Amino acid sequence: QTPVSGRTTNIPMSTVPRRTFGPHSQKHETQAWNHLAHEIHELGPSIHPPVPNPAPLGLFAFGLTTALLQVKHTKLAGDTEEDGKGTENLVWGFAIFYGGLLQVIAGIAEIRRNNIFGFTAFTSYGGFWLSVGTAHIVALLATDFHSVTFSPKAMQAMLVLMGIFTATMWVCTFK
């Protein structure tokens, strides 16, 4: 074992390049350095293990949640008030766990890949779905349904702010 800055390594002393003299010394030194570089390269997967790409999870979570919300708005699940309420209840539960939680998980996984853009986008949109879903579920669970309402202007303001955020993120994609 070779002492390297107070620690020991498993690199045999014979592979550490040393200064030698003679007609073939440069060739042997180059081979030794190449061998050492190869050994260090082989350690790469142990030091930085490969991480799967979380972007498909985050994108599907956002896309499918948005599509399910559009099923509610376009009344594809039915025209009656009962169909609308049943679809709405499903949408907000889906928004919290699939659209929100999975996007936050995907965003946190993007940190491991050193993707700050993906982290920012997925955690922000995940937080958006978590907040919208939670607010609607709180309204549904309130004992006096009329005591918990949303101001349409407040909802519009939140959507405008998310639109500005989306536009800013879009501009950041240009190189």
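Above this text is the structure in question.
Heads up: these notes are all about the structure in this document. Quick caveat: nothing in here was measured; it's all calculated off a predicted structure. (Residues numbered from 1 in each chain as written. Predicted model: local features only at pLDDT ≥ 70, side-chain atom pairs only at ≥ 80, totals over all residues. Heavy atoms only, no water.)

**Considerations on a nonpolar patch on the surface**
In step 1: Nonpolar side chains collect at one region of the surface, where L57, F97, L101 and I105 lie side by side and expose about 370 Å² of accessible area between them.
In step 2: Top element by residues in the nonpolar patch is helix 4 (residues 81–112). It accounts for three residues.
In step 3: Here F97 is to be found in helix 4.
In step 4: F97 sits in the exposed class, given a relative accessible area of 56%. (Patch = residues over 30% accessible without salt bridge, like charges linked within 9 Å, V, L, I, M, F, W, Y side chains within 5 Å. Areas by Shrake-Rupley, 256 points an atom, 1.4 Å probe, with all protein chains shown as cover. Salt bridge = Lys/Arg side-chain N within 4 Å of Asp/Glu carboxyl O. Helix = DSSP H or I, 4+ residues; strand = E, 2+ residues; numbered from the N terminus. Buried < 20%, exposed > 50% of the residue type's maximum accessible area, 1.4 Å probe, protein only.)

**What to know about unusual backbone geometry**
In step 1: The phi dihedral of K75 is positive, around 60 degrees, even though this residue is not glycine.
In step 2: In the Ramachandran plot, N114 falls in the positive-phi region, its phi being about 60 degrees despite a non-glycine side chain.
In step 3: Relative to the helices and strands, N114 is located in the loop between helix 4 and helix 5 (116–141).

**Digging into the nonpolar core**
In step 1: In this structure, W92 and W129 are the most contacted members of the largest nonpolar core, which totals 13 residues.
In step 2: Every element with two or more residues in this core is listed here: helix 3 (55–73), helix 4, helix 5 and helix 6 (152–172).
In step 3: Counting residues per element, this core draws most heavily on helix 5, which supplies five residues.
In step 4: Apart from the residues within four sequence positions on either side, W92 is in contact with L69, W129, V132, G133, H136, I137 and L140. (Core = buried A, V, L, I, M, F, W, Y, C linked by side-chain atoms within 4.5 Å. Contact = heavy atoms within 4.5 Å.)

**Section: the packing of helix 3 against helix 5**
Two measures define how a pair of helices packs: the angle their axes make with one another and the distance between the axes.
In step 1: Contact geometry of helix 3 with helix 5 gives a least axis separation of 11 Å together with a crossing angle of 30 degrees. For the element pair helix 3 / helix 5, the angle class is roughly parallel. Helix 5 is crossed by helix 3, and the crossing has left-handed handedness. Here A55, G58, L59, F62, T65, T66 and L69 of helix 3 come into contact with helix 5, specifically with F122, Y125 and W129.
In step 2: When its residues are assigned to classes, the contact of helix 3 with helix 5 shows seven nonpolar, three polar and no charged. (Axes fitted to C-alpha atoms, helices over the stretch in contact; angles between N-to-C directions. Parallel < 35°, antiparallel > 145°, perpendicular 65-115°, else oblique. Left-handed = near helix turned anticlockwise from the far one by under 90°. Nonpolar A, V, L, I, M, F, W, Y, C, P; charged D, E, K, R; others polar.)

**A few points about the packing of aromatic side chains**
In step 1: Applying the stated criterion to the full structure yields six aromatic pairs.
In step 2: Ring plane angle 70 degrees and centroid distance 4.9 Å describe the contact between W170 and F174, whose orientation is recorded as edge-to-face. Of the two residues examined, W170 and F174, each falls in the exposed class. (Phe/Tyr/Trp six-rings, centres within 6.5 Å; stacked < 30°, edge-to-face > 60°.)

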